[in-house]
Amino acid sequence: MLIMTESTVANRGILQTKSLPRKFLGRVQIIPRGGGLRLWLRLLFEMELLRFLVPLLPFVLVPLFSREWAMPVMQAPLVMVIVVAWVELRVMRPTKAARARLVDGDEAARRLDTLTFRARACLRGIAARHGLTEGELQLVVEQSELGRAPPLTLVSVQTDQPQPRLLVLDGDDRAALGAVFDATFTERDLLAVNHRDTTYLRTITQAASAVSAHARLAAVLEKRKAAS
Amino acid sequence: MTVNATTVSAGEALRVLQAAWDAQAAGALTASWMLHGRPGVGKTEVVQTLATRIGAELYDLRLTTIEPQDLRGLPYFDHARAKTVWYRPEDLPDTDAPAILFLDELTAASPALQPTVYGLLQERRVGRHVLPANVLIVAAGNQVEDGAIAYDMGTALSDRLVHMIVQASADDWLTQYALPAGIHPTVAAFIRTRPDLLETTEDSLRRGQMIACTPRSWTRVSKIMAAVPDRALRQVMIAGTVGSAPAAEFALLADEISATVQIDAMLATPRADRAALYPGTLHGLTALVYGLVGAVTEATLPAAIEIIADLRGQGAPAARGLPVGDLATFGFELLISRALEKGWADAFASSAAYADYATARQAAGLP
């Protein structure tokens, strides 16, 4: 999971938005700050151009080894398109039948309830810590559609006040968001539901005015404790 | 003609007007705002609260009592220039200080006054008297179906305004208005238990009764409770304010609360001896919560925290099977909000009673 905020993204310009929810995958190239080799490789794999090169590699290599096949291969762009399409649509993405088999309707609803429950708890804590009392907070969870790769999950907190924007999240906020997924509800669990619904962007909202005074007090006391 | 605008509570209307003021102050939006609503729902209080909050002077013009010339001013003859000159009326703001021009009872204003009001709303001027840029124009009025004196608003006037319909909401009134306004705890407890009696204008009209309950009438009841100690006299006044049936119901609650709620005594009594002082009914406990939150000071906050925390068990009420857990949560919501507003949060950090309550709340998985 990559939490999208100023301290985790090197190209901060992509965090600007004029409308909510802000979507990233397929629209901008994300350059994480740190994040580890695994995340970098996964983000590279998300780049279509690089991914297309893999199925096209045989079309480059065959002429090098076989003169007989060189002309037919180089003059077969339609085959290249078909191969790329086959890899992208049938290999990298599950078929409709496979998506339906991933998770049944009841389990999908249960997982989405879990996501909503945890997301709202995070949003309440974040609203209290940031002293937000107006507008609506959104926890936006975006996942890559690619099925045979490890899940790529982007999580951001967005608000419409005073204008559409992504919240700048500190260490406490990121730690709280880290609890959205755990061993009982993994990114892969959510991806299975997303494949089933072919919906890869989930938005959970919380009105800032509905955050309890209890939560606000807890945030104030935590801050004072940390400062002392 | 129906007002097809959004219906909002008084608290929400206040937030919209605050945003309108902020936008106007930033030079982004200058508009005139119209609050529709039944008599007594709190339209005037909304504007008064906004004026206090933004530090603006309130120019309250009751349009049913003025003539066009009251806004235009008086002419005099300038002999030197051979011209008629108009004196500016003192009812129009004319300084650079923040101000709100409140055109109350706009829908009841005489049609003869409307052209003058059009000028104010659209061009922000009457004759040569121009309103300064830092004046926010807010109008208010009843609708024809509210049983008040009102004319249908023509499209020319309607088009010059941004409309909202203000509706009484018990929850909003209790949390946003009652505490800051110092509403008597008995009135607050009564409205919490009978939220349907906060506003009964429609019901009264249907029954052909002249007196109805409104937020404004309950505010007056609160003042009567504080000002008139004689029970019999008070009862006559309250019946004349909210109607005889709600007044009778209110009197039962008031008697019970006055006999059982002892806020000052509870605050002064050590924790171990307080159990016997808790009221024995939910009405009494509700009034206790409102009274405590209204009366609390920084010095008495630790005791108030203990009293609300102990609602759950130490006092007798829990043993009597009353739903005091909800009331404790509600009481703490009010008390914490007040403490955060006043900067008294430290009292909660050092309170063992609150620590116990917070632990129990966390164990119950409450947000």
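For the structure itself, look to the data block above.
Residues numbered from 1 in each chain as written. Chains lettered and ligands numbered in written order. Predicted model: local features only at pLDDT ≥ 70, side-chain atom pairs only at ≥ 80, totals over all residues. Heavy atoms only, no water.

(A) Quick look at the overall build of chain A. The helix and strand tally for chain A stands at nine helices and five strands. Counting from the amino terminus, helix and strand elements in chain A follow one another as β-α-α-α-α-α-α-β-β-β-α-α-β-α. Counted over contacts in chain A with a minimum sequence separation of 6, partners at least 24 positions apart contribute 70%. (Helix = DSSP H or I, 4+ residues; strand = E, 2+ residues; numbered from the N terminus. Contact = heavy atoms within 4.5 Å.)

(B) Representation of the packing of aromatic side chains. Residue and element names in this part refer to chain B. All chains considered together, the criterion is met by twelve aromatic pairs over all chains. Through successive ring pairs, a cluster of aromatic residues spans Phe 332, Phe 348, Tyr 354 and Tyr 357. Its end group placed over the ring of Tyr 118, Arg 160 keeps NZ or CZ at 4.8 Å from the ring centre. (Phe/Tyr/Trp six-rings, centres within 6.5 Å; stacked < 30°, edge-to-face > 60°. Lys NZ or Arg CZ within 6 Å of the ring centre and 35° of its normal.)

(C) Representation of the layout of surface pockets in the model. For the second largest pocket, the calculated volume is near 990 Å³. For the second largest pocket, the lining is made up of 30 residues, of which His 214, Ala 215, Ala 218 and Glu 222 of chain A together with Gln 362 of chain B are closest to its centre. Among the elements of the structure, α6 (105-130), α7 (171-178) and α9 (213-227) of chain A together with α16 (346-349) and α17 (352-363) of chain B are those that each provide at least two residues to the lining of the second largest pocket. Across the lining of the second largest pocket, the residue classes tally to 17 nonpolar, six polar and seven charged. (1 Å grid on protein atoms, 1.4 Å probe; cavity = no way out; pocket = protein on both sides within 12 Å on 5 of 7 lines; lining within 4 Å. Points joined across faces, edges and corners; volume = space filled by probe spheres on them. Nonpolar A, V, L, I, M, F, W, Y, C, P; charged D, E, K, R; others polar.)

(D) Geometry of the pattern of salt bridges. All names here are of chain A. In the structure shown here, the tally under the stated rule is 25 salt bridges over all chains. We note a salt bridge from Asp 182 to Arg 118, for which the minimum N-O separation is 3.1 Å. Residue Asp 182 is located in the loop between α7 and α8 (187-197), and its partner Arg 118 is located in helix α6; the two are separated by 64 residues in the primary sequence. Since its relative accessible area comes to 34%, Asp 182 is described here as partly exposed. On the basis of relative accessible area, Arg 118 is assigned to the buried category, the value being 18%. Between Arg 202 and Asp 197 there is a salt bridge, with its nearest N and O atoms 3.0 Å apart. Look at Asp 197 and you get partly exposed, because its relative accessible area is 29%. (Salt bridge = Lys/Arg side-chain N within 4 Å of Asp/Glu carboxyl O. Buried < 20%, exposed > 50% of the residue type's maximum accessible area, 1.4 Å probe, protein only.)

(E) Representation of the pairing of strand β5 (residues 83-86) of chain B. Residues and elements named next belong to chain B. As paired strands, strand β4 (residues 75-78) and β5 are joined by four bridges and run antiparallel to one another. The partner of Phe 77 across the bridge, within β5, is Thr 84. Hairpin connection, β4 to β5: the antiparallel pair is bridged by four residues, and Ala 82 has positive phi, about 55 degrees. (Pairing = 2+ DSSP bridges.)

(F) Layout of the side chain of Thr 186 of chain B. Residues and elements named next belong to chain B. Positionally, Thr 186 belongs in helix α7 (residues 185-193). Given a relative accessible area of 3%, Thr 186 falls into the buried group. Leave out the neighbours within four places in its chain, and Thr 186 touches Met 225, Phe 250, Leu 253, Ala 254 and Ile 257.

(G) Spotlight on helix α2 (residues 48-65) of chain A. Residues and elements named next belong to chain A. Between its terminal C-alpha atoms α2 stretches 27 Å, which fits the 26 Å expected from 18 residues at 1.5 Å a residue. Approximately 50 degrees is the largest bend angle found in α2, and it occurs at Pro 55. For α2, the elements touching its buried residues are α1 (36-45), α3 (67-74) and α4 (77-91). (Expected span 1.5 Å × (residues − 1). Bend = angle between axes of the 7 residues up to and from the residue.)

(H) Structural context of a negative patch on the surface. Residues and elements named next belong to chain B. A cluster of acidic residues, Glu 67, Asp 70, Glu 90 and Asp 91, forms a negative patch at the surface. Along the polypeptide, Glu 90 turns up in the loop between β5 and β6 (99-104). Classification of Glu 90 by relative accessible area gives exposed; the value is 71%. (Patch = residues over 30% accessible without salt bridge, like charges linked within 9 Å, V, L, I, M, F, W, Y side chains within 5 Å. Areas by Shrake-Rupley, 256 points an atom, 1.4 Å probe, with all protein chains shown as cover. Lys, Arg positive; Asp, Glu negative; His and termini not counted. Charge placed at Lys NZ, Arg CZ, Asp CG, Glu CD.)

(I) Layout of the pairing of strand β2 (residues 32-36) of chain B. Residues and elements named next belong to chain B. Across the five residues that make up β2, a large majority, five, are buried. Neither face of β2 is open: one carries Ser 32, Met 34 and His 36, the other Trp 33 and Leu 35, and all of them are buried. The sheet contact formed by β2 and strand β10 (residues 162-166) spans four bridges and is parallel. Opposite Met 34, over in β10, you have His 163 as the bridge partner.

(J) Focus on a nonpolar patch on the surface. Residues and elements named next belong to chain A. Together, Leu 37, Leu 41, Leu 44, Leu 50 and Leu 53 give the surface a local cluster of nonpolar side chains, amounting to about 480 Å² of exposed area. For the nonpolar patch, the secondary-structure elements that each account for two or more residues are α1 and α2. With three residues, the top contributor of residues to the nonpolar patch is α1. For Leu 53, the position within the fold is in helix α2.

(K) Representation of the interface of chain B and chain A in the model. Across the contact, 15 residues belong to chain B and ten residues belong to chain A. Buried area between chain B and chain A, summed over both chains or domains, comes out near 1100 Å², and the portion from carbon and sulfur atoms is 67%. Viewed at the interface, chain A and chain B are joined by one salt bridge. The shortest N-O distance in the salt bridge between Asp 346 of chain B and Arg 224 of chain A comes to 2.5 Å. Applying the counting criterion to the chain B and chain A interface returns four residue pairs in polar contact (both at pLDDT 80 or more). Of all the secondary structure elements, the ones that give two or more residues to the side of chain B that touches chain A are α15 (324-342), α16 and α17 of chain B. The element contributing the most residues to the side of chain B that touches chain A is α15 of chain B, with six residues. Of the residues assigned to the side of chain B that touches chain A, the class counts are nine nonpolar, two polar and four charged. (Buried area = accessible area lost by both parts, 1.4 Å probe. Polar contact = N/O pair within 3.5 Å; in protein donor to acceptor, adjacent residues only side chain to side chain.)

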